[in-house]
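# Topology and contacts: notes
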Amino acid sequence: MSVLVATDIHKRFGTVEVLKGVDLSIQKGEIVSIVGPSGSGKSTLLHILGTLDKPDRGQVMLNNANVTALTGKKLAQFRNHHIGFVFQFHHLLPEFSALENVCIPGWMAGTKKQVVKDRAVELLGLLGLSHRLDHKPNAMSGGEQQRVAVARALINNPDILFADEPTGNLDSANARELHQLFFDLRKNFGQTFLIVTHNEELAQLSDRTVHMKDGKILDASAVA
Ligand SMILES: Nc1ncnc2c1ncn2[C@@H]1O[C@H](COP(=O)(O)OP(=O)(O)O)[C@@H](O)[C@H]1O
Ligand SMILES: [Mg+2]
């Protein structure tokens, strides 16, 4: 089953054509890496696939819903329920604990407080952070902060988790640990991942690597 099907995605900023017709589909439970030189359009593509930006042309289907057509509240709601995002910088809220940071998107989704909390505790445990529930972000290491960001992205059981250079700020030991956790999450929950990375090791471990250059995908194998 395809979780994501993107067809003929085009995007320009001013006179610069950043995406020149990208087709990509991702199957449920797949871990796919996007690699390519800086400026090749990886982040722009990920933002469009993750509904944070709109394409000028083309269509994004997520779980059989045409998200390109969604706007306003409906789009925000869809994103909250179906999409997880992890960035290079964790973007945790500094005044809230790890547990609260993970719970917030669940509360925003309207899920019962206790249900959200139980899942947050479970996720933080899976990510090796049971001893950090009450810690604020600045009292945690970079690797721990990023794992909290992953738990937050997963709190509403998203259909797909998009990650934009999630290990870009981590040392190699923490990067490796985070990669291992992605594979554990796939094993335990069938979680689907699309990850932009410069990390060769992660790219090699993933099921499929998509190569981007100058706003296009090079591989014929991009469409599964
Ligand atoms: N909001 C924006 N406004 C103008 N240009 C942008 C914007 N976002 C990205 N770009 C340009 O689009 C190109 C691709 O950027 P990006 O998608 O960030 O590439 P990558 O993630 O592969 O490094 C770059 O030339 C960048 O300067
Ligand atoms: Mg980028």
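See the structure printed just above.
Note that the structure is a prediction, hence the values are computed from the model and not measured.

Turning next to the overall build of the protein chain. The number of helices and strands found in the protein chain is 7 helices and 10 strands. Computed over the C-alpha atoms, the radius of gyration of the protein chain is 17 Å, within 12% of the 17 Å expected from 2.2 N^0.38 for a compact globule of 224 residues. With the C-alpha coordinates aligned to their principal axes, the bounding extent of the protein chain is approximately 45 × 40 × 35 Å. Scored against the burial criterion, the 224 residues of the protein chain give a buried share of 42%.

Here we come to the sheet that holds strand 8 (residues 193-196). Reading across the sheet, the 6 strands line up as 6-7-8-3-9-10 and stay open at both edges, with mixed pairing between neighbours. Only two strands of the sheet have a single neighbouring strand rather than two, namely strand 6 (83-86) and strand 10 (216-217). Across 2 bridges, the pairing between strand 9 (residues 208-213) and strand 10 is antiparallel. Each residue of the ladder has a partner; that of Lys213, found in strand 10, is Lys216. Running at roughly 165° to strand 6, helix 5 (residues 142-154) makes contact with strand 6 and strand 7 (160-164) of the sheet.

Once that is clear, we can look at the site of ligand 1. Neighbouring ligand 1 are the residues Phe13, Val16, Val18, Gly36, Ser38, Gly39, Ser40, Gly41, Lys42, Ser43 and Thr44. Those elements that place two or more of their residues in the shell around ligand 1 are strand 2 (16-27) and helix 1 (42-49). If one sorts the elements of the shell around ligand 1 by residue count, helix 1 sits on top with 3 residues. In terms of residue class, the shell around ligand 1 is built from 3 nonpolar, 7 polar and 1 charged.

With that settled, consider the nonpolar core. Core analysis: the largest hydrophobic core is formed by 56 residues, its most contacted members being Leu49, Val102, Ala151, Ile160, Phe162 and Leu194. Of all the elements, helix 5 adds the most residues to this core, at 6 residues. Excluding its chain neighbours within four sequence positions, the residues that come into contact with Val102 are Ala120, Leu123, Leu124, Val148, Ala151, Arg152 and Ile155.

This brings us to the environment of Val86. With respect to the helices, strands and loops of the structure, Val86 is situated in strand 6. Overall, the presence of 26 C-beta atoms within 10 Å leaves Val86 in the buried class. Through-space distance from the C-alpha of Val86 to that of Glu144 is 13 Å; in sequence the pair is 58 residues apart. Setting aside anything within four residues of it in sequence, one finds Val86 in contact with Ala149, Val150, Ala153, Leu161, Ala163 and Pro166.

Conventions used here
Residues numbered from 1 in each chain as written. Chains lettered and ligands numbered in written order. Predicted model: local features only at pLDDT ≥ 70, side-chain atom pairs only at ≥ 80, totals over all residues. Helix = DSSP H or I, 4+ residues; strand = E, 2+ residues; numbered from the N terminus. Rg over C-alpha atoms; globule rule 2.2 N^0.38 Å. Buried ≥ 20, exposed ≤ 12 C-beta atoms within 10 Å, placed from the backbone. Pairing = 2+ DSSP bridges. Contact = placed C-beta atoms within 7 Å. Axes fitted to C-alpha atoms, helices over the stretch in contact; angles between N-to-C directions. Near = placed C-beta within 6 Å. Nonpolar A, V, L, I, M, F, W, Y, C, P; charged D, E, K, R; others polar. Core = buried A, V, L, I, M, F, W, Y, C linked by C-beta atoms within 7 Å.

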